[in-house]
Amino acid sequence: MNLVDRFLKYVKFDTQSDELTNLTPSTPGQMVFAKELYKELTEMGLSNVSLDDNGYLFATLPSNCDHKVPTIGFIAHMDTAPDMSGHDVKPRIVDYKGGSVTLNEQQGIALSPEQFPELNDFVGQQIIVTDGTTLLGADDKAGIAEIISAVEWFQQHPEVKHGDIRIGFNPDEEIGLGAHHFDVDKFGADWAYTMDGGAEGELEYENFNAAVAKVTFKGLNVHPGAAKHKMLNSLRVANQFAIMLPRWETPEHTEGYEGFYHLIGWEGTVEKTTLTYIIRDHDRARFESRKRELEHLCHKINCEFPGCATIELKDQYYNMREKIEPVMHIIDVAKLAMQNAGVKPKVQPIRGGTDGAQLSFKGLPCPNIFAGGMNMHGRYEYVSIQAMEKAMRTVVEICKIVAAEK
């Protein structure tokens with residue numbers, strides 16, 4: 001099975017994760033997909049193929065070197081984002097010659113360079129798109145297909161030297177839980193790479209520090225006709241709180257290393273309202289300052305409305321940079337591998353999170369490499385076949401470089 005056929009097969013599996021189930025994996029479809037991958041890796045003849053009850057799938061392509069070589073891991077996640085349906089995905093290959101691509105004529109859905117200017121970079125390439133009613137799932141089934149295809153390439157070229165190559169596929173990355181049950185000791189790699197980035201050439205070893213905040217406002221409801229000096233409308237107080245935050249420090253007004261507060265949920269009545277925020281910043285000190293600011297604003301609300309506001313803060317992950325900087329040679333290896341694969345490296349911070357961040361703090365240094373997907377988490381998601389091929393080749397080149405080092 002070639003890279004493209006493998007990817008087209010994988011996206012047919014519905015593997016959306018769900019943060020509300022409190023299960024691991026969070027949805028049964030992920031385990032269905034994991035079992036299919038387990039079967040494929042076993043049939044390929046890989047060693048140490050294991051699938052645990054939490055949906056973590058590991059395997060090894062043994063070294064063919066006559067000298068000791070570091071064990072390199074390659075990791076991707078099996079789930080797709082809850083933001084858009086992943087059921088009954090209908091992928092289609094388009095020879096892209098420019099202009100808009102009609103995804104769904106009946107519903108008037110089109111992928112347009114006017115809305116997504118980077119589409120112009122793919123003129124002359126083959127792109128895989130959806131029918132506009134689901135996401136595609138290149139995040140991160142492209143990464144899975146690339147890793148397995150790279151391992152298969154080595155099996156077909158036994159003359160090319162490589163050390164032990166460890167494969168790890170995990171559930172629930174999209175809900176921030178992908179690394180929670182990842183057994184780093186069992187995985188046994190000296191370092192690893194997540195194949196979970198976007199555009200060709202992306203190489204990332206910096207990510208946001210991340211936290212989630214739930215701010216709850218307690219109100220008092222009475223009949224509105226007799227409410228004067230009695231009612232406390234929690235919805236109005238919540239709105240007052242929301243506009244106290246700096247309006248320009250939101251995702252739609254920030255880029256690069258700029259952090260933000262992002263209101264992702266609002267649920268309430270007069271009696272009780274809960275706002276859910278995610279807090280993001282690359283700088284650890286500013287990250288801590290943002291959390292303190294939310295606490296300070298809760299205090300201000302309570303000065304005006306005693307006992308009204310409470311806040312729950314929970315850290316999610318931290319910037320992996322502090323764990324990667326002591327082992328920067330793994331970034332140098334990835335850069336050289338990309339160049340050997342005909343790719344120009346683009347080192348940049350991740351404006352988001354990655355399993356690699358949590359794994360780095362668990363003792364497995366794990367920067368992130370492009371998988372090729374674009375417009376992820378929505379109906380306009382697409383991936384270039386040529387970018388996927390270069391990502392696969394980058395995996396191959398990393399293993400070759402490490403095997404050649406003495």
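Above this note sits the structure.
Residues numbered from 1 in each chain as written. Predicted model: local features only at pLDDT ≥ 70, side-chain atom pairs only at ≥ 80, totals over all residues. Heavy atoms only, no water.

Caption draft 1: Representation of the overall build of the protein. Check the secondary structure of the protein and you find 10 helices and 18 strands. Against the compact-globule benchmark of 22 Å for 406 residues, the protein has a radius of gyration of 23 Å, which places it among compact chains. Expressed as a percentage of its 406 residues, the buried residues of the protein come to 54%. Taking as baseline every contact in the protein between residues at least 6 positions apart, the subset at least 24 positions apart corresponds to 78%. Of the accessible surface of the protein, which amounts to about 18,100 Å², a share of 49% is contributed by carbon and sulfur atoms. Separation of charge centres in the protein, based on 40 positive and 58 negative side chains, amounts to 3 Å. (Helix = DSSP H or I, 4+ residues; strand = E, 2+ residues; numbered from the N terminus. Rg over C-alpha atoms; globule rule 2.2 N^0.38 Å. Buried < 20%, exposed > 50% of the residue type's maximum accessible area, 1.4 Å probe, protein only. Contact = heavy atoms within 4.5 Å. Areas by Shrake-Rupley, 256 points an atom, 1.4 Å probe, with all protein chains shown as cover. Lys, Arg positive; Asp, Glu negative; His and termini not counted. Charge placed at Lys NZ, Arg CZ, Asp CG, Glu CD.)

Caption draft 2: Quick look at the sheet that holds strand S14 (residues 309-317). Here we have four strands laid out as an open sheet, ordered S12-S13-S11-S14, and antiparallel in their pairing. Only two strands of the sheet have a single neighbouring strand rather than two, namely strand S12 (260-268) and S14. When strand polarity is set aside, the average angle formed by the axes of neighbouring strands in this sheet is 15 degrees. Bridge count for strand S11 (residues 209-218) against S14 is eight bridges, and the pairing is antiparallel. The partner of valine 212 across the bridge, within S14, is lysine 314. Relative to the sheet, helix H6 (residues 284-304) contacts S11, S12, strand S13 (272-281) and S14, its axis offset from that of S14 by approximately 165 degrees. (Pairing = 2+ DSSP bridges. Axes fitted to C-alpha atoms, helices over the stretch in contact; angles between N-to-C directions.)

Caption draft 3: Examining the environment of asparagine 221 more closely. Turning to its location among the elements, asparagine 221 is positioned in the loop between S11 and helix H5 (234-244). Asparagine 221 gets classed as partly exposed once you look at its relative accessible area, which sits at 39%.

Caption draft 4: Here's a closer look at the packing of helix H8 (residues 329-340) against helix H10 (residues 385-404). Two elements in contact, H8 and H10, have axes whose closest approach is 8 Å; the angle formed by their N-to-C orientations is 120 degrees. In terms of orientation, H8 and H10 fall into the oblique class. Considering the relative orientation of H8 and H10, their crossing is right-handed. Only Thr394, Glu397, Ile398, Ile401 and Val402 of H10 make contact with H8, whose side of the interface consists of Val333, Ala334, Leu336, Ala337, Met338 and Asn340. (Parallel < 35°, antiparallel > 145°, perpendicular 65-115°, else oblique. Left-handed = near helix turned anticlockwise from the far one by under 90°.)

Caption draft 5: Region of the structure containing the pairing of strand S3 (residues 72-77). With six of six residues buried, S3 is to be regarded as a mostly interior element. Alignment of S3 against strand S8 (residues 165-170), held across six bridges, turns out to be parallel. Across the sheet, the residue bridging to alanine 76 is phenylalanine 169, located in S8.

Caption draft 6: The arrangement of H5 in detail. Among the residues making up H5, those that are buried are Ser234, Val237, Ala238, Phe241 and Ala242. Along H5, the residues classed as buried sweep out an arc of 140 degrees about the axis, all on the same side. Opposite the buried face of H5, at more than 90 degrees from it, the exposed residues are Arg236 and Ile243. Tucked inside the fold, the buried residues of H5 contact S11, S12, S13 and H6. (Arc of directions from axis to C-beta.)

Caption draft 7: Structural detail: the packing of aromatic side chains. This model, assessed by the stated rule, comprises 15 aromatic pairs. Plain terms: the ring middles of phenylalanine 58 and phenylalanine 182 are 5.0 Å apart, the flat faces sit at 50 degrees to each other, and that makes the pair tilted. Here phenylalanine 58 is found in strand S2 (residues 57-61), whereas its partner phenylalanine 182 is found in the loop between S8 and helix H4 (184-187), with 124 residues between them in sequence. Per residue, the accessibility class of phenylalanine 58 equals that of phenylalanine 182, and both read buried. Counting every residue linked through ring pairs, the aromatic cluster contains Tyr56, Phe58, Phe182 and Phe187. Its end group placed over the ring of tryptophan 248, arginine 247 keeps NZ or CZ at 4.5 Å from the ring centre. (Phe/Tyr/Trp six-rings, centres within 6.5 Å; stacked < 30°, edge-to-face > 60°. Lys NZ or Arg CZ within 6 Å of the ring centre and 35° of its normal.)

Caption draft 8: Just unusual backbone geometry, in detail. Between threonine 24 and the following residue, proline 25, the backbone shows a cis peptide bond with an omega angle of -5 degrees. Here proline 25 is to be found in the loop between helix H1 (3-10) and helix H2 (28-43). That bond from aspartate 139 to aspartate 140 is cis: its omega, 15 degrees, falls within 30 degrees of zero. Despite not being glycine, asparagine 22 has its phi angle at roughly 60 degrees, a positive value. Relative to the helices and strands, asparagine 22 is located in the loop between H1 and H2. Within the chain, asparagine 48 stands out as a residue other than glycine whose phi angle is a positive 50 degrees.

Caption draft 9: Structural context of the side chain of glutamate 206. Counting through the fold element by element, glutamate 206 comes out in the loop between strand S10 (202-204) and S11. Once residues lying within four places of it in the same chain are set aside, the contact partners of glutamate 206 are Tyr257, His282, Asn319, Met320, Arg321, Pro349 and Ile350.

Caption draft 10: Representation of the state of the cysteines within the structure. On inspection of all chains with the given rule, the structure shows zero disulfides. The cysteine cysteine 308 is free of any disulfide, with cysteine 298 supplying the nearest cysteine sulfur at 9.2 Å. On the accessibility criterion, cysteine 308 (2% relative accessible area) is buried. There is no disulfide at cysteine 366, and the cysteine sulfur nearest it, in cysteine 399, is 14 Å away. (Disulfide = S-S within 2.5 Å.)

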